[in-house]
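# Summary of structural features
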Amino acid sequence: MKLVTYRSGVEAAARLGLCQGDQVIDVAALAEAQGESLPDTMLGLIDAGQAGLNALRALMARVGDALPAGTATALANVTLLAPIPRPRKNVFGIGLNYTEHVAESAKTLDTNPDLPREPVVFSKPPTSVIGPGEPILHDSSMTKQLDWEVELAAIIGTRAKRVSRAEALQHVFGYSVMIDVSARDNRRAGQWIFSKGMDSYAPFGPCIVTADEIPDPHALDLWLTVNGVEKQRSSTAKMLFKVDELIADISRGITLEPGDIIATGTPEGVGAGRDPQEWMWPGDVIVACVEGVGTLRHPVVDSTPSGS
């Protein structure tokens, strides 16, 4: 299933939707019309666990194409939000998780040229998350080296503490797309959270595709363009640490909870690794895609305070 969080009007509340073709079905409204009850938020559905997903699938199977009036809206007429507009805690980011990216980072960002022996984990605060189409903020008083990174995001569905690799993928609710925006000139004493955690630095969406529809998350193409020019293209097959390894590693010391997000790292082609280096500037348009999951499109806008 392809699940979204959406708004059907400027003042309307955010709702949980199921994308079917060119329309969005209001999950809670459909359930109510059938005398049933289902959550009206993404986190509510994740919290409902496998039983919630099973109930939604069964409901859709019974209804088929005979959707009750008022339960579906044309996709073109809604505003998609980040699937989880405000995560419960920081997004887990993974650095240096593709071989070629390790090499390009060592040349220009003073990182270790050796392949990491264990995942490099950092975080992005919930306030960094934005939804499809929202602007990436460029504050020239904070950075003049704003960079792009396309990534597959894994969303945790059930609590994971000290899980093995063999059972790790059982804890995944689904997958989405994230752009790990990075201010390369704001790494403070080697710490990444400010460089990667400012407002708007985690574009996320446009949907969550449930894990059953992505049988192998390590066989997906992913790419990114800037103003229509391709900058990144690779495959999740090239991850150094696979999704199951990341879950097993993080859960050794940090309990993963329903709704937690892991951005699994980016391949080569970032702006810092180019010769000459390239950066995002106001007026640019960034498009990122993960095969079978979806596409994000974001403008870069000037947010520099006046007088700066």
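Above this text you will find the structure in question.
Residues numbered from 1 in each chain as written. Predicted model: local features only at pLDDT ≥ 70, side-chain atom pairs only at ≥ 80, totals over all residues. Heavy atoms only, no water.

On to the overall build of the protein chain. Counting secondary structure elements, the protein chain contains seven helices and 19 strands. Rg of the C-alpha trace for the protein chain: 19 Å, near the compact-globule value of 19 Å for 308 residues, within the 12% margin. Of the contacts made within the protein chain by residues no fewer than 6 positions apart, 75% connect residues no fewer than 24 positions apart. Summed over its atoms, the accessible surface of the protein chain is roughly 13000 Å², and 50% of this surface lies on carbon and sulfur atoms. With 27 positive and 38 negative side-chain charges, the protein chain shows a spacing of 4 Å between the two charge centroids. (Helix = DSSP H or I, 4+ residues; strand = E, 2+ residues; numbered from the N terminus. Rg over C-alpha atoms; globule rule 2.2 N^0.38 Å. Contact = heavy atoms within 4.5 Å. Areas by Shrake-Rupley, 256 points an atom, 1.4 Å probe, with all protein chains shown as cover. Lys, Arg positive; Asp, Glu negative; His and termini not counted. Charge placed at Lys NZ, Arg CZ, Asp CG, Glu CD.)

This brings us to the nonpolar core. By size, the foremost hydrophobic cluster in this structure holds 49 residues, and its most contacted members are Y175, L224, I247, L256, I262, I286 and V293. The residues touching I262, leaving out its near neighbours within four places in the chain, are F92, I94, L152, A153, A154, I156, L246, I247, I250 and L256. Counting 31 residues, the second largest nonpolar core, distinct from the first, contains L38, M42, L45 and I261. (Core = buried A, V, L, I, M, F, W, Y, C linked by side-chain atoms within 4.5 Å. Buried < 20%, exposed > 50% of the residue type's maximum accessible area, 1.4 Å probe, protein only.)

Turning our attention to unusual backbone geometry. Cis geometry marks the peptide bond from G205 to P206, where omega comes out at -5°. Here P206 is to be found in strand 14 (residues 202-210). Looking along the chain, the bond that leaves D275 and enters P276 is cis, with omega of 0°. Relative to the elements of secondary structure, P276 occurs in the loop between strand 17 (261-263) and strand 18 (285-290). Positive phi values are uncommon outside glycine, yet L96 reaches one of about 55°. Turning to its location among the elements, L96 is positioned in the loop between strand 6 (91-95) and helix 4 (99-108).

So, on to the side chain of N186. Tracing the chain through its elements places N186 in the loop between strand 13 (182-183) and helix 6 (193-197). A polar atom in the side chain of N186 sits 2.6 Å from the backbone oxygen of M142. Aside from chain neighbours lying at most four places away, what touches N186 is M142, Q191, F194, S195 and M198. (Polar contact = N/O pair within 3.5 Å; in protein donor to acceptor, adjacent residues only side chain to side chain.)

Our focus in this paragraph is the packing of aromatic side chains. Within the structure shown, the criterion is met by one aromatic pair. Residues F122 and W192 carry aromatic rings whose centres are separated by 5.3 Å and whose planes lie at 65° to one another, so their mutual orientation is edge-to-face. With a gap of 70 residues between them, F122 in strand 7 (residues 120-124) and W192 in the loop between strand 13 and helix 6 connect regions that are remote in the sequence. Stacked on the ring of F194, the Lys or Arg R188 has its end atom at 3.9 Å from the ring centre. Over the aromatic face of W223 sits the side chain of R233, whose NZ or CZ is 4.6 Å from the ring centroid. (Phe/Tyr/Trp six-rings, centres within 6.5 Å; stacked < 30°, edge-to-face > 60°. Lys NZ or Arg CZ within 6 Å of the ring centre and 35° of its normal.)

Further remarks concern the sheet that holds strand 19 (residues 294-302). Spatial ordering of the open sheet is given by 9-19-18-15-16, a layout of five strands whose pairing is mixed. Strands with a single pairing partner mark the edges of an open sheet, and in this sheet they are strand 9 (136-138) and strand 16 (229-235). Taken over all neighbouring pairs, the strand axes of this sheet differ in orientation by 15° on average, direction set aside. By the bridge criterion, six bridges tie strand 15 (residues 221-226) to strand 16 in an arrangement that is antiparallel. Considered in strand 16, the bridge of L224 is made with Q232. (Pairing = 2+ DSSP bridges. Axes fitted to C-alpha atoms, helices over the stretch in contact; angles between N-to-C directions.)

Further remarks concern the environment of P87. Inspection of the secondary structure puts P87 in the loop between strand 5 (79-81) and strand 6. Look at P87 and you get buried, because its relative accessible area is 4%. Once residues lying within four places of it in the same chain are set aside, the contact partners of P87 are P126, V129 and I261.

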